[in-house]
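Chain and residue survey
Listed below, chain by chain, are the residues.
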Amino acid sequence: NEMETHFTHKAPANLNETLTIALVPSVKNTYLSKVITYFYKNYPNIKLCFLYQDNLKILDSITNNEVDMGFFNLLSIGPNYIQNFPSNVIFTPFAKHSCDLITSIDSPLSGYSSVSMKTVAKFPLVFTTDYANENSCYQALIKYYNLTNNVTFIDTPALYSQMIIDNLANSIVPSRAALSK
């Protein structure tokens, strides 16, 4: 509703405008899918133009007025986000979610309903190369917990899965419960 209010509160119904939105693909494919379809249905004359960028580039694009808005993933530790924003950027959390730990049934981390990140950090982690970008929230997590030597990035889904199955590494992904909302 905030996106709708911000861009349509003074817009006539026949407005032909393009909204340029910078985002990371995972946000469009999960959290924004319902918002986007709602927007297309209710504002057919407003064209949405998506630019796929990493977190840092999105922030630069917003700061330099190259886009109308941006959406990206931020790491939060407790109530605080690990990100500073320039004074001319309005930050509004769109969705907050937890992460799921993917682990082999043979892993010492298996079977717990909750595991602290400090405990997870003691074991090898594997991520897909989708998260290898230096400006992703996963890179912020790696830096925050000093995991650089404990992480492997894999570009093949089968190898990624096999490393977990063979108990060579664990992985962290957005919570499935959060993705279904």
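Below: a short report on this structure. Every chain's residues receive numbers from 1 upward, in the order its sequence appears when written. Owing to the predicted nature of the model, reporting of local features is limited to residues with pLDDT of at least 70; listing and counting of side-chain atom pairs is limited to 80 or more, with chain, interface and lining totals taken over all residues. Working from all heavy atoms in the structure, the side-chain values ignore hydrogens and water.

This part covers the sheet that holds strand β2 (residues 46–52). Two strands are counted as paired when DSSP detects at least two bridges linking them. By the criteria applied, helices consist of DSSP H or I runs no shorter than four residues and strands consist of E runs no shorter than two, each listed in order from the N terminus. Taken together, the 3 strands give an open sheet; going across it, the order is β2-β1-β3, and neighbouring strands pair in parallel fashion. Each of the sheet's edge strands pairs with one partner strand only, and the pair in question is β2 and β3 (69–71). With direction set aside, neighbouring strand axes in the sheet form an average angle of 30 degrees. Examined bridge by bridge, strand β1 (residues 17–23) and β2 share 7 bridges and lie parallel to one another. Within β2, the position partnered with E17 by the bridge is I46. Across the sheet, helix α3 (residues 33–42) is in contact with β1 and β2; its angle to β2 comes to roughly 150 degrees. Running over the sheet, helix α4 (residues 55–63) touches β1 and β3 and is turned about 165 degrees from β3. What counts as an axis is a line fitted to C-alpha atoms, over the stretch in contact for a helix, and the angles between N-to-C directions run from 0 to 180 degrees. In what follows, residue pairs with any heavy atoms lying within 4.5 Å of each other are defined as contacts.

Here we take up the nonpolar core. With 21 residues, the main nonpolar core has I21, L23, L32, L48, F50, I58 and F71 as its most contacted residues. Sorting the residues of this core by element identifies β1, α3, β2, α4 and β3 as the ones contributing at least two each. Among the elements that make up this core, the one with the highest residue count is β1 (4 residues). Here, nonpolar core means buried Ala, Val, Leu, Ile, Met, Phe, Trp, Tyr and Cys residues that are tied together by side-chain atoms lying within 4.5 Å of each other. Accessibility here uses a 1.4 Å probe with only protein chains present; expressed as a share of the type maximum, an area under 20% marks a residue as buried, one over 50% as exposed, and anything in between as partly exposed. L109, Y138, L141 and I142 belong to the second largest nonpolar core, which has 14 residues in total.

Turning to its location among the elements, S107 is positioned in the loop between β6 (99–102) and α5 (117–120). Once the C-alpha coordinates of S107 and D166 are considered, the two residues, 59 residues apart in sequence, prove to be 9.3 Å apart. If we ignore the near neighbours within four places in the chain, the residues touching S107 are N167 and N170. By the criterion applied in these results, polar contacts are pairs of N or O atoms within 3.5 Å in which, for protein atoms, one can donate a hydrogen and the other can accept it, and in which residues neighboring in sequence qualify only through two side-chain atoms. Polar contacts involving the side chain of S107 include one to the side chain of T103, which spans 2.9 Å. Among the polar contacts listed, one links the side chain of S107 to the backbone nitrogen of L109, at a separation of 3.0 Å.

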